[in-house]
Amino acid sequence: MNKYKSQPFFKIAIRFAIVFLVLVTVFEVGFSVLKNMSFSIMVEHIFSDGKWQYFVKRIGFMSAFYGVFMAGWYKFIKK
């Protein structure tokens, strides 16, 4: 039996969303540092003035979508 079938939907969705949020944020910041070869340029590129709001909204929306999708997949579709 699938261990996700007995757990609440939103608990599963939040767990998937948090893992996705952390991983994507670490990868995006890490690749930006590697691409620009400087931490200060990465901060200016991603987190300056109004750019951090776009970054947070985009990552938040993607992680929420992924969490709900994967929770639905494991809870209702996967056998």
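Above this note sits the structure.
Note that this is a predicted model, so its numbers are computed, not measured.

Rules used throughout
- Numbering of residues begins from 1 in every chain and follows the order in which that chain's sequence is written.
- The predicted nature of this model means local features are confined to residues of pLDDT at least 70 and side-chain atom pairs, given and counted, to a pLDDT of 80 or more, with totals for whole chains, interfaces and linings taken over all residues.
- The side-chain quantities take in all heavy atoms of the structure and omit both hydrogens and water.
- Secondary structure elements follow DSSP: runs of H or I no shorter than four residues count as helices, runs of E no shorter than two count as strands, and numbering proceeds from the N terminus.
- Values of the radius of gyration come from C-alpha atoms, whereas the globule rule sets the reference at 2.2 Å times the count of residues to the power 0.38.
- Axis definition: a line fitted to C-alpha atoms, limited for helices to the stretch in contact. Angles are taken between N-to-C directions and run from 0 to 180 degrees.
- Here roughly perpendicular refers to angles of 65 to 115 degrees, roughly parallel to angles under 35, roughly antiparallel to angles over 145, and oblique to all remaining angles.
- Only heavy atoms enter the contact rule, under which two residues are in contact if any of them lie within 4.5 Å.
- Residues are grouped as follows: Ala, Val, Leu, Ile, Met, Phe, Trp, Tyr, Cys and Pro are nonpolar; Asp, Glu, Lys and Arg are charged; all remaining types, including Gly, are polar.
- Expected span of a helix, by definition, is 1.5 Å for each gap between consecutive residues, and there is one gap fewer than residues.
- In a left-handed crossing the near helix is turned counterclockwise from the far helix by less than a right angle, and in a right-handed crossing that turn is clockwise.
- Only centres within 6.5 Å qualify two rings of Phe, Tyr or Trp (six-membered ring in Trp) as a pair; their planes then separate them into stacked at under 30 degrees, edge-to-face at over 60, and tilted for everything else.
- Only protein chains enter the accessibility calculation, which uses a 1.4 Å probe; a residue whose area is less than 20% of its type maximum is buried, one above 50% is exposed, and one in between is partly exposed.

## Details of the overall build of the chain
Right, so step 1: Looking only at helices and strands, the chain has three helices and zero strands in total.
Right, so step 2: The secondary structure elements of the chain, listed N-terminal to C-terminal, are α-α-α.
Right, so step 3: Here the chain has a C-alpha radius of gyration of 16 Å; the compact-globule value for 79 residues is 12 Å, and the former is much larger.
Right, so step 4: Considering only C-alpha atoms, the chain reaches an extent of 50 × 25 × 15 Å along its principal axes.

## Notes on the packing of helix α2 (residues 39–47) against helix α3 (residues 51–77)
Right, so step 1: Interaxial distance between α2 and α3 falls to 6 Å at its minimum, and their mutual angle equals 75 degrees. As far as their axial angle goes, α3 and α2 are roughly perpendicular. Residues Glu44, His45, Ile46 and Phe47 of α2 form the contact with α3, whose participating residues are Lys51, Trp52 and Phe55.
Right, so step 2: For the contact of α2 with α3, the class distribution of residues is four nonpolar, one polar and two charged.

## A look at α3
Right, so step 1: With 27 residues, α3 should reach 39 Å at 1.5 Å per residue; the first-to-last C-alpha distance of 38 Å fits that figure.
Right, so step 2: Looking at the buried positions of α3, the neighbouring elements they touch are α1 (9–36) and α2.

## Some remarks on the packing of α1 against α2
Right, so step 1: The N-to-C vectors of α1 and α2 enclose an angle of 125 degrees; their axes lie 8 Å apart at closest approach. As summarised for this structure, α1 and α2 are arranged oblique, according to the angle between their axes. Where α1 crosses over α2, the two elements pack in a sense that is right-handed. Taking contact as the criterion, the partners of Glu28, Val29, Ser32, Val33 and Asn36 in α1 are, on α2, Phe39, Ile41, Met42, His45, Ile46 and Phe47.
Right, so step 2: Considering only residue class, the contact of α1 with α2 consists of seven nonpolar, three polar and one charged.

## As for the packing of aromatic side chains
The geometry of an aromatic ring pair is captured by two quantities: the separation of the ring centres and the angle between the planes.
Right, so step 1: Within the structure shown, the criterion is met by eight aromatic pairs.
Right, so step 2: Ring geometry for phenylalanine 9 and phenylalanine 10: centres 5.4 Å apart, planes at 80 degrees, overall edge-to-face.
Right, so step 3: Between phenylalanine 65 and phenylalanine 69, the aromatic rings sit 6.4 Å apart at their centres with planes inclined by 15 degrees, giving stacked as the arrangement. In this pair, phenylalanine 65 and phenylalanine 69 are both assigned in helix α3, four residues apart and thus about one turn of the helix distant.
Right, so step 4: Since its relative accessible area comes to 56%, phenylalanine 65 is described here as exposed.
Right, so step 5: Clustering of aromatic rings is evident, with ring pairs tying together Phe16, Phe20, Tyr66 and Tyr74.

Read these as geometric descriptors, not functional statements.
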